[in-house]
Structure formats: structure tokens, C-alpha cells
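# Breakdown of the fold
Residues per chain, in single letters:
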Amino acid sequence: MVFTLNELAFTVNTLVDQIGIPFFVMLAYVTIKFKTLNGTCHRLIGIYAICCVLAKVQIIPPWLVMITNIQIPLWLCALTDTIPIAGSFNIYSLMFMIAVDRISSMYSIRGDSFHLPLMYGISSLFPLTFIITVIITTAQGPTRLNSCYLTDLITTQGEQTFHGACLVFNWLTLFCYIIMIVKVLWDRKKGLINAGRMALFKSIAIIMGIQIFGWMFSLTAYNLVDNGVFSNYSSDTQILINLGINSISSLSSTCEVPALFLSSSEHKKALLKTFGYENKTTSVMVINNRNNIIATTQLIAINTSSTYTYFNQNNELINKR
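What you see is a predicted model; the values in this text were computed from it and never measured.

What counts as what
Residues numbered from 1 in each chain as written. Predicted model: local features only at pLDDT ≥ 70, side-chain atom pairs only at ≥ 80, totals over all residues. Heavy atoms only, no water. Helix = DSSP H or I, 4+ residues; strand = E, 2+ residues; numbered from the N terminus. Buried < 20%, exposed > 50% of the residue type's maximum accessible area, 1.4 Å probe, protein only. Lys, Arg positive; Asp, Glu negative; His and termini not counted. Salt bridge = Lys/Arg side-chain N within 4 Å of Asp/Glu carboxyl O. Contact = heavy atoms within 4.5 Å. UniProt positions renumbered as here; feature names shortened; annotations may be inferred. pLDDT = per-residue confidence, 0-100. Polar contact = N/O pair within 3.5 Å; in protein donor to acceptor, adjacent residues only side chain to side chain. Expected span 1.5 Å × (residues − 1). Patch = residues over 30% accessible without salt bridge, like charges linked within 9 Å, V, L, I, M, F, W, Y side chains within 5 Å. Areas by Shrake-Rupley, 256 points an atom, 1.4 Å probe, with all protein chains shown as cover. Phe/Tyr/Trp six-rings, centres within 6.5 Å; stacked < 30°, edge-to-face > 60°.

Tracing the chain through its elements places glutamate 256 in helix 11 (residues 256-263). We note that glutamate 256 is buried and unpaired, the nearest opposite charge coming from lysine 56 at a distance of 7.8 Å. Those residues in contact with glutamate 256 that sit more than four places away from it in its chain are Tyr48, Ile210, Gln211 and Trp215.

This next bit is on the UniProt feature "transmembrane region" (unreviewed entry) in the protein. Taking the numbering used here, the UniProt-annotated feature "transmembrane region" (unreviewed entry) corresponds to residues 12-32, 44-66, 72-97, 118-141, 161-186 and 198-219. In residues 12-32, helix accounts for 95% and strand for 0%; the two terminal C-alpha atoms are 32 Å from one another. With 88% helix and 0% strand, residues 118-141 has end C-alpha atoms that lie 36 Å from one another.

The next subject is the confidence of the model for the protein. The predicted model of the protein averages 80 in pLDDT, with 81% of residues at 70 or higher. Of all the helices and strands in the protein, strand 4 (residues 293-303) carries the lowest mean pLDDT, 42, while helix 7 (residues 125-139) carries the highest, 95. Residue range residues 281-321 is modelled with pLDDT below 50. Its contacts to residues more than four positions away, or to other chains, number 70 contacts.

The next thing to look at is the pattern of salt bridges. This structure, assessed with the given rule, holds two salt bridges. The shortest N-O distance in the salt bridge between arginine 102 and aspartate 101 comes to 3.1 Å. A salt bridge links lysine 183 to aspartate 187, with the shortest nitrogen-to-oxygen separation between them at 2.6 Å. Pair noted here: lysine 183 and aspartate 187 are both in helix 8 (residues 150-189), with a separation of four residues, about one helical turn. Residues lysine 183 and aspartate 187 agree in their burial class; the two are buried.

So, on to the side chain of serine 88. Tracing the sequence through the fold places serine 88 in helix 5 (residues 74-106). On the accessibility criterion, serine 88 (12% relative accessible area) is buried. A distance of 2.5 Å separates the side chain of serine 88 from the backbone oxygen of isoleucine 85, its partner in a polar contact. Setting aside its immediate chain neighbours within four residues, serine 88 contacts Cys51 and Ala55.

If you check helix 10 (residues 235-254), its first and last C-alpha atoms are 29 Å apart, about what 20 residues at 1.5 Å a residue would give, namely 28 Å. Those residues of helix 10 not exposed but buried are Ile239, Leu243, Ile245, Ser247, Ser249, Ser250, Ser252, Ser253 and Thr254.

Turning next to a nonpolar patch on the surface. A cluster of nonpolar side chains, Leu118, Ile122, Leu125, Leu128, Ile132 and Ile136, forms an exposed patch at the surface whose accessible area comes to about 530 Å². Secondary structure elements with two or more residues in the nonpolar patch: helix 6 (115-123) and helix 7. The element that contributes the greatest number of residues to the nonpolar patch is helix 7, accounting for four residues. For isoleucine 122, the location among the structural elements is in helix 6.

One can find isoleucine 70 in the loop between helix 4 (60-68) and strand 1 (72-73). Between the C-alpha atoms of isoleucine 70 and serine 147, which are 77 residues apart in sequence, the distance is 7.7 Å.

One pass over the structure, following the stated rule, counts nine aromatic pairs. On the numbers, 5.2 Å between centres and 35 degrees between planes, the contact of phenylalanine 89 with phenylalanine 162 is tilted. Taken as a pair, phenylalanine 89 in helix 5 and phenylalanine 162 in helix 8 lie far apart in primary sequence, 73 residues in all. For phenylalanine 89, a relative accessible area of 4% gives the class buried. On the basis of relative accessible area, phenylalanine 162 is assigned to the buried category, the value being 7%. Note on phenylalanine 230 and tyrosine 233: the rings are 6.1 Å apart at their centroids and 45 degrees apart in plane angle, and the pair reads as tilted. Within the aromatic cluster, the residues linked to one another by ring pairs are Phe89, Phe96, Phe126, Phe130, Phe162 and Phe169.

Encoded structure:
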């Protein structure tokens, strides 16, 4: 079988997208498993991870249609790809609601048990709008054969509208984090923020920086494509441009997960526990027989699957079994 450049580019896009799935699955898993990650923001991040998995798999149906060189009825395309694409759109509204949650926590205006349903309920309105649009489009011609592209589900105009809405959510999210950064810097100047809280917001800034500017790049590029900015280029060049945009977008979103695990101590601890590594600190009494002095020292036990190695405060190995 000989692939065209378009088919090769689409295949590369599909493969690059799948790289991120294990990362986001792991993030969703640790969020569900560990109680330390049961806060509203952490749960929203867990839902965000699930939506990212859906965004990674939504490319598979059109890819299968392309490589098999067949077309399928619109109703079948809607049945198989609507939820994954809705999940990918939910990413942008979730980003905004996570930012709103962070701001509300800074000003102590967060609610109680209704806070999470409220936050996610609002964010779900955007993908719900997409689902309704798909239903309306499909009802107009359910048996129409198509290649299962987004434009087949919501028309070209609809695609441009939703891409524009995603960009608006991205800008709103950025605006929220600018407010948050200003508030943190002001509190720091006034001495109202402790080191732990400052470290938390530094980790959030790193993650959100990757997230916002990664998605903003891809959305801006998508809007340029939608508006025909690259239409004067040759067909092959346009294919390569789209390949570059999609690959950068996919890889930048995947980078969010390692950044989160590296910068968030709670996520890092949960990840270590998942793989059987856990840092434990315990106090023991050490008796100096010569001077009959009793002192307390800290021993750090690095727990692996079968070995316990103990170090004292000077990082000297004192016992191994």
C-alpha cells in the first residue's frame, strides 16, 4: 500500500497523539485513587486529564476511515466521535473553570460540596453545545457518506465558531492567571503569603504556562488555517503546516503531565506511592553509651520493593537490610 503525503501526515498526527494517553491516564488514576488529591481543583484536573485522553483518541475514527479509503454514514461518525470531540472541547472550558477555582480559593469565596458540581456543570455547557450542534447537523442528513472530519459533524462555519470560542476561553484563562499572579506578588510584598503557598503557586504558574501558551499557539494557528491565511501555499506545504501545528499542539499538552508531577509535591507523592516508592520519616532514640546522652535523630527510610536503606542527618549509611 502506497500512502499519499496527506495520509502519511495524518498517520504521524495520530501516532503523536497517542503518546500522551498513558500520561493523562496516570494523572486521572492517581487523582481518583488518592484522597490527598480529592480537592476541587485536583478533581477538576483529573476530569481535565480524562478529557485530554478523549482528545487524543478522537483522531482515530477519521484516521481509520482515511486509511481504509471508505466513507461512512454521518450517523455512524456522530455515534463514534461525538463524545471524544466533546471531551476535547471541554478542555478549554475546564481550563477556565480551574483558573476561576484558583482565584476563588485566593479570596476565600469557594463554596462547600456544591462547588465541584457547580464548576464542572458550568464547564460542561460548552461541550454540551457541541453535542447539540452535532445532533442538529446529523438529523439533516444521517445517511450522508463522509470522512468523519469535524467539518462533517458541525459544518465549516461551525468549526470556525467553536475554534474561536476555544480561543476566547484560552484568553479568559490567561486573564485569570494574570490576576492571580498580581495577587500573589502583592501578598508576597505585604508578607501575607507563606513559603508553602508560594511554592504552590509557582508550580501552578509552570503548569499553566505550558498549558495556556501551548493551546493558544495551536488555537491561533487553527484560526489562521480556518481563515485561509495559508491558502496561497501549495497543497503539500499546507499539509506539512497542519502536521506541524497538530504535532506541536499534541506534544505541548502531553508535557503538562510531567510538569505537574515534577512541580506538585502532592502529585509527586501520589505517583511514587503508585509505583511502590514512598519516602518515610521516623524518629528514633540514639543512646551515646560513653556520655549517657540520649538524643533524637531523624532516619529517612527509602522504601523500595524489598530493601530498606537508612541514612542519618549527615547522609551517612548506618543500616541496610
